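Chain by chain, the residues:
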Amino acid sequence: MTQPSKSELTLDKIVSLAKRRGFAFQSSEIYGGLNGCWDYGPLGVELLRNVKDEWWKTMTLRENIEGIDASILMHPRVWEASGHVENFTDPMIDCRQCKARYRLDTLSDEISVKKIWEAVEKVQSSNGTGIVEEWRKTSPALASLDKKQPEDVIRTEFAGTLERFPVLVLPELSCPNCGNKATFTEARKFNLMFKTFVGPVEDSSAAVYLRPETAQGIYVNYQNVVASSRQKLPFGIAQIGKAFRNEINTKNWLFRTREFEQMEMQFFVKPGTDDDWFEKWRHERIEWFTNLGINKDKLHFHRHEKDKLAHYAKDAYDIEYQFPFGWGEIEGIHNRTNYDLTRHQEFSGKSMEYFDDASKEKYIPYIIETSAGASRSFMAFLVDAYAEEDTGKEIRSVLKFHPRLAPIKVAVLPLVNRETMPEIARNIFDDLRKRFRAFYDDAGSIGRRYRRQDEAGTPFCVTVDSQTLQDQTVTVRDRDSMKQERVGSAKISEYLENKLKRQNE
RNA sequence: GCGGGAGUAACUCAGUUGGUAGAGUCACAGCCUUCCAAGCUGUUGGUCGCGGGUUCGAGUCCCGUCUCCCGCUCCA
């Protein structure tokens, strides 16, 4: 059996299959779709649920992790404390010539002091319109044209000028990348958080945001959980929920969307033990994916370089999956230090300290974050499961999901619609469907029906044949090997339970 | 946000210099069929992405717009 190389696998193929079989549809499709929004269909919702269930059980079926489900709307101050208000609203500009993109607030770092003075002199000599006057008031060091000012003062003031009066200086600057002058687009302010209003009146004082990450819902509840669950450090809080980011560009199907779901576990530890816990969680998390059948070769860690770490992070690894479009992050494991809790203590005025009864110490815990994308994991499991096999006569399309992730666990098929086979199969189906997601199919040849289940990723097919009439046994056909074994029809439930059983972790 | 490509049935696609919209697959109803698709008969299914314009007439030409894919950029 040869397998075509997976490099031939395109996203288009998966998107098409996903639509045909009911995994994912474009949102509001009959109205032309909504950019970057997708809906999960009948099979998709089962797969997604199974992914989330597996994650939830892995996390919470242990002593030291509690679950919560926080509100999507939170107090606006949360996002000031978290740094999102500041960091999510950077004005951006593009160079029309070379297409380079810059953050307005960091553009001045790439421009020499000499060039800065040149631009400032141009602005100074321009006609004294109101805006120039205003600028002179806010940037005295520049306005005085005192070139003996220390460089950092010049730079700070110039950065401020750029941010407040981009119209004034941008036409005087050259693109640091291509060197062309006056090629910048207007500064556009991106607010990456979705804004809405509490109450029916659109009053700005009632503005709130749809959470851009679920983590903050855990942090703000950390003291509540400690108090109510009697947990002691180290312990974790798990949550699955939707988050929203008003991305500039959505792309790659479910990979970058504006509405997405996260599976996050924030683990609270004593400072100093954080590195060890970080390593432990990092390895545990990648094993979660491989234990559920993801090809090891398609997974790797991507460590964030020190100078590119987020403002809160001490160390960070992404678990990346090799999608048809390249490597993409499906989970991030970050050492967030005590940044978040410290900030919330500052902004809320409430203590975030933990009192360690054993050592009589008081401290703000460090947090090891494991943040997996539910939608991205869904996509990785789907892409990874997809296989085309040459059986010699034809190409078999099959989704080789781990049985616990498979949307449909078992299909029940009468070999032919004769004698009492359909009735017996119906009875078996009626029994199984109460315990497993099951499917009954009597349409077409048996081979066709097996193929249909292959394409839906159903791991087991139970077939009633003439021998069933004699000895009450049925065949169970395995999706991947296509091999069959005979099982007593009364024992199928037990047989499936065994196949779907979780290992003790 | 920039550049390129695409959008016609549920899916993959055809559709000539502008002249009544097609195929295969899928699905459904039968027939056939005793273990790995595509055998037979019949049937359902199309705002040709959307909106304008040109024209006697637009899937086809023009303009705008939306959406998807690819490449840049971005991803705190």
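Refer to the structure above for everything that follows.
Residues numbered from 1 in each chain as written. Chains lettered and ligands numbered in written order. Predicted model: local features only at pLDDT ≥ 70, side-chain atom pairs only at ≥ 80, totals over all residues. Heavy atoms only, no water.

Trainee: Please clarify how unusual backbone geometry should be interpreted in this entry.
Mentor: What is expected of a backbone is that most residues other than glycine have negative phi and most peptide bonds are trans. Geometrically, the link from Leu 233 to Pro 234 is a cis peptide bond, its omega value of -5 degrees lying close to zero. Here Pro 234 shows up in the loop between helix H11 (222-229) and strand E9 (235-244). The residue Lys 360 is not glycine, and still its phi comes out positive at about 60 degrees. The topology assignment puts Lys 360 in the loop between strand E14 (354-356) and strand E15 (361-363). Its identity as a non-glycine residue notwithstanding, Met 482 has a phi of 60 degrees, on the positive side. By the element assignment, Met 482 lies in the loop between strand E22 (473-478) and strand E23 (484-488). (Helix = DSSP H or I, 4+ residues; strand = E, 2+ residues; numbered from the N terminus.)

Trainee: Could you clarify how one ought to interpret the pattern of salt bridges in this entry?
Mentor: Between side chains of opposite charge, a pair can form as their charged atoms come close. Scanning the model with the defined rule gives 33 salt bridges in all. Among the salt bridges present, the one from Glu 331 reaches Arg 285, with a minimum N-O distance of 2.7 Å. Placement of Glu 331 in strand E13 (residues 326-335) and of Arg 285 in helix H12 (residues 274-291) is noted, with a sequence separation of 46 residues between them. Exposure remark for Glu 331: the relative accessible area of 0% places this residue in the buried category. In this structure, the salt-bridge partner of Asp 441 is Arg 452, at a minimum N-O distance of 3.1 Å. One end of the pair, Asp 441, is in the loop between strand E20 (438-440) and helix H16 (446-456); the other, Arg 452, is in helix H16, with 11 residues separating them in the sequence. The class of Asp 441 is buried, set by a relative accessible area of 8%. By relative accessible area, which is 28% here, Arg 452 ends up partly exposed. One salt-bridge network, in which partners are shared between bridges, spans Glu 389, Arg 396, Lys 400, Arg 451, Asp 454 and Arg 477. (Salt bridge = Lys/Arg side-chain N within 4 Å of Asp/Glu carboxyl O. Buried < 20%, exposed > 50% of the residue type's maximum accessible area, 1.4 Å probe, protein only.)

Trainee: Teacher, can you tell me more about the packing of aromatic side chains here?
Mentor: Centre-to-centre distance and the angle between the planes together describe a pair of aromatic rings. Summed over the entire model, instances satisfying the criterion amount to 21 aromatic pairs. Relative to Trp 56, the ring of Trp 55 lies with its centre 6.3 Å away and its plane at 40 degrees, an arrangement referred to as tilted. With a relative accessible area of 0%, Trp 55 lands in the buried category. Judged by its relative accessible area of 31%, Trp 56 falls in the partly exposed class. Between Arg 376 and the ring centre of Phe 255, over which it is positioned, the NZ or CZ distance is 3.7 Å. (Phe/Tyr/Trp six-rings, centres within 6.5 Å; stacked < 30°, edge-to-face > 60°. Lys NZ or Arg CZ within 6 Å of the ring centre and 35° of its normal.)

Trainee: Looking at this model, I keep getting lost on the environment of Asn 221. Mind explaining?
Mentor: Along the polypeptide, Asn 221 turns up in the loop between helix H10 (215-219) and H11. In this structure, the C-alpha to C-alpha distance between Asn 221 and Lys 137, residues 84 residues apart in sequence, is 45 Å.

Trainee: Explanation requested: the nonpolar core in the structure shown.
Mentor: Most often, soluble globular proteins have nonpolar side chains that are buried together. In this structure, Phe 23, Trp 253 and Leu 382 are the most contacted members of the largest nonpolar core, which totals 56 residues. With 8 residues, helix H14 (residues 374-385) is the largest single contributor of residues to this core. Those residues in contact with Leu 382, other than ones at most four positions away along the chain, are Ile 14, Phe 23, Leu 47, Trp 253, Leu 399 and Phe 401. Val 113, Trp 117, Trp 135 and Leu 162 belong to the second largest nonpolar core, which has 22 residues in total. (Core = buried A, V, L, I, M, F, W, Y, C linked by side-chain atoms within 4.5 Å. Contact = heavy atoms within 4.5 Å.)

Trainee: Is there a simple way to explain the sheet that holds E20 in this structure?
Mentor: Sheet strands pair by backbone hydrogen bonding; their relative direction is either parallel or antiparallel. If you walk across this open sheet you meet the 5 strands as E20-E19-E21-E22-E23, and the pairing is mixed. Strand pairing shows two members of the sheet lacking a second neighbour, E20 and E23, which therefore form its edges. Geometrically, the sheet is characterised by an average inter-axis angle of 25 degrees between neighbouring strands, direction not taken into account. As judged from the 5 bridges shared by strand E19 (residues 410-414) and strand E21 (residues 460-464), these two strands associate in the parallel manner. Each bridged residue has a counterpart across the sheet, and for Val 410 the counterpart in E21 is Phe 460. Sitting on the sheet, helix H15 (residues 421-432) touches E19, E20, E21 and E22, and the angle it makes with E19 is about 165 degrees. Packed on one face of the sheet, helix H18 (residues 492-500) meets E19, E21, E22 and E23 and runs near 125 degrees to E23. (Pairing = 2+ DSSP bridges. Axes fitted to C-alpha atoms, helices over the stretch in contact; angles between N-to-C directions.)

Trainee: I would appreciate a short explanation of the protein's contact with RNA strand B in the present structure.
Mentor: Around RNA strand B, the structure places 50 residues, and the nearest of them are Lys 19, His 84, Asn 249, Arg 256 and Arg 448. Arg 451 is positioned with one of its side-chain polar atoms (N or O) 2.7 Å from a base oxygen of RNA strand B. Arg 477 places a side-chain nitrogen or oxygen 3.0 Å from a base nitrogen of RNA strand B. Taken together, the elements giving at least two residues each to the surface near RNA strand B come down to helix H1 (11-21), helix H4 (84-87), H16 and E22. If one sorts the elements of the surface near RNA strand B by residue count, H16 sits on top with 6 residues. Looking at the surface near RNA strand B residue by residue, the classes come out as 14 nonpolar, 17 polar and 19 charged. (Near = heavy atom within 4 Å. Polar contact = N/O pair within 3.5 Å; in protein donor to acceptor, adjacent residues only side chain to side chain. Nonpolar A, V, L, I, M, F, W, Y, C, P; charged D, E, K, R; others polar.)

Trainee: Any chance you could explain the side chain of Asp 384 here in plain terms?
Mentor: Within the secondary structure, Asp 384 is located in helix H14. The class for Asp 384 is buried, based on a relative accessible area of 12%. Of note is the side chain of Asp 384, whose polar atom sits 3.0 Å from the backbone nitrogen of Asn 295.

Trainee: Explain helix H5 (residues 113-125) to me, please; I cannot follow it from the model alone.
Mentor: An α-helical segment advances 3.6 residues per turn. Residues three or four places apart therefore align on the same side. Helix length check: H5, at 13 residues, gives a terminal C-alpha distance of 18 Å against a target of 18 Å (1.5 Å per residue), a fit within 8%. For H5, the set of buried residues is Val 113, Ile 116, Trp 117, Ala 119, Val 120, Val 123 and Gln 124. The buried side chains of H5 occupy one side of the element, clustering within an arc of 165 degrees when seen end-on. Exposed residues lying more than 90 degrees from the buried face of H5 are Lys 114 and Ser 125. (Expected span 1.5 Å × (residues − 1). Arc of directions from axis to C-beta.)

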